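Given next are the chains, with one letter for each unit.
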Amino acid sequence: EQVDPFLASGSTTAGTDLDLARVRMLRAVGGQTDRERITHITSRRIDQLLDHEPAGPRLFELIYLWAESLYEEHDASEHEVLAARAEVLIRRVTEPVSRALLRFYALLAGPRSRGPDVVEALDRQIEHVRQLTPSREQQRLLTMLLNTTANKAWQTHPMTGESADATIRRIEDQYLD
């Protein structure tokens, strides 16, 4: 509450940093009410950044925190909100790594995430992200994609015909030097 007047003053960078700190604190506390606050704060700040400031690491972090707050409970209605809003944001975000992060969460929250072609879709995303300019955010997203691909391979292997172990070995051979 003490920082609210400062946030209202219009300093986008400082306000974003304060909101990020607040959101990280709320994540540590946990609970449905705090997750809803996280979603509100990050969604509002994403829109402000897209309206007034060039993209950067703050945008990536805000998108990650927003998307994860909607995704983590595996609630169908929250996944619908996540997938729909991610598709809208993909059209607004110009930064390639943040767009790729949005595509990743749109896939995870959408109906394809439970189907046999999810591993193939994640493989395509991995290839795309590997081509992006190397950065901390690119490496972070690549790690998320690799972990999720291995997990989805394990979950979907009865549907795909490829054993989970074979998929994980393929991922190791293909992506991990």
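Predicted model only: the values in this text are computed from it and were never measured.

What counts, and where the lines are drawn
- Residues numbered from 1 in each chain as written.
- Predicted model: local features only at pLDDT ≥ 70, side-chain atom pairs only at ≥ 80, totals over all residues.
- Heavy atoms only, no water.
- pLDDT = per-residue confidence, 0-100.
- Helix = DSSP H or I, 4+ residues; strand = E, 2+ residues; numbered from the N terminus.
- Expected span 1.5 Å × (residues − 1).
- Buried < 20%, exposed > 50% of the residue type's maximum accessible area, 1.4 Å probe, protein only.
- Contact = heavy atoms within 4.5 Å.
- Salt bridge = Lys/Arg side-chain N within 4 Å of Asp/Glu carboxyl O.
- Axes fitted to C-alpha atoms, helices over the stretch in contact; angles between N-to-C directions.
- Parallel < 35°, antiparallel > 145°, perpendicular 65-115°, else oblique.
- Left-handed = near helix turned anticlockwise from the far one by under 90°.
- Nonpolar A, V, L, I, M, F, W, Y, C, P; charged D, E, K, R; others polar.

Caption draft 1: Main features of the confidence of the model for the protein chain. Chain-level pLDDT for the protein chain is 86 on average; 86% of the residues reach the 70-or-more range. Mean pLDDT across the elements of the protein chain ranges from a minimum in helix α1 (residues 4–8), with 57, to a maximum in helix α6 (residues 96–109), with 96.

Caption draft 2: Region of interest: unusual backbone geometry. We note that H74 has phi near 55 degrees; this positive angle belongs to a residue other than glycine. With respect to the element layout, H74 can be found in the loop between α4 (57–71) and α5 (76–92).

Caption draft 3: Seen up close, helix α7 (residues 118–130). End to end, α7 covers 18 Å across 13 residues, agreeing with the expected 18 Å (1.5 Å per residue, within 8%). Listed as buried for α7 are V118, V119, A121, L122, D123, Q125, I126 and V129.

Caption draft 4: Looking closely at the side chain of T16. Relative to the elements of secondary structure, T16 occurs in helix α2 (residues 12–29). A relative accessible area of 0% places T16 in the buried class. Not counting chain neighbours up to four residues away, the residues in contact with T16 comprise R45, L49, R58 and L62.

Caption draft 5: Spotlight on α4. A rise of 1.5 Å per residue sets the reference length of α4, with its 15 residues, at 21 Å; its end C-alpha atoms lie 21 Å apart and thus fit the reference within 8%. For α4, a buried count of 13 out of 15 residues is recorded, marking the element as mostly surrounded by other parts of the structure.

Caption draft 6: Spatial organisation of the environment of L20. Here L20 lies in helix α2. The class for L20 is buried, based on a relative accessible area of 4%. Put simply, L20 and R45 are 25 residues apart on the chain and 9.3 Å apart in space, counted from C-alpha to C-alpha. Those residues in contact with L20 that sit more than four places away from it in its chain are R58, E61, L62 and L65.

Caption draft 7: Broad picture of the pattern of salt bridges. Taken as a whole and judged by the stated rule, the model has 12 salt bridges. Between D34 and R37 there is a salt bridge, and its shortest N-O distance comes to 3.8 Å. Highlighted residues: D34 and R37, both in helix α3 (residues 32–52), separated by 3 residues, approximately one helical turn. The class of D34 is buried, set by a relative accessible area of 12%. Between E73 and R35 there is a salt bridge, and its shortest N-O distance comes to 3.9 Å. Taken as a pair, E73 in the loop between α4 and α5 and R35 in helix α3 lie far apart in primary sequence, 38 residues in all. Residue E73 is classed as partly exposed on the basis of its relative accessible area of 47%. Overlapping salt bridges bring together D47, D51, R85 and R92 as one network.

Caption draft 8: View of the packing of α5 against α6. Put simply, α5 and α6 touch, their axes get as near as 8 Å, and they point 150 degrees apart. As judged from the angle between their axes, α5 and α6 are roughly antiparallel. Crossing angle aside, the handedness with which α5 passes α6 is left-handed. Residue-level inspection shows H79, L82, A83, A86, E87, L89 and I90 of α5 in contact with α6, the latter providing R99, L102, R103, Y105, A106, L108 and A109.

Caption draft 9: A look at the packing of α3 against α5. At a minimum axis distance of 12 Å, the contact between α3 and α5 shows a crossing angle of 10 degrees. Classified by the angle between their axes, α3 and α5 sit roughly parallel to one another. Crossing hand, α3 versus α5: left-handed. Residues Q32, R35, S43, I46, D47, L50 and D51 of α3 pack against E78, R85, L89 and R92 of α5. In terms of residue class, the contact of α3 with α5 is made up of 3 nonpolar, 2 polar and 6 charged.

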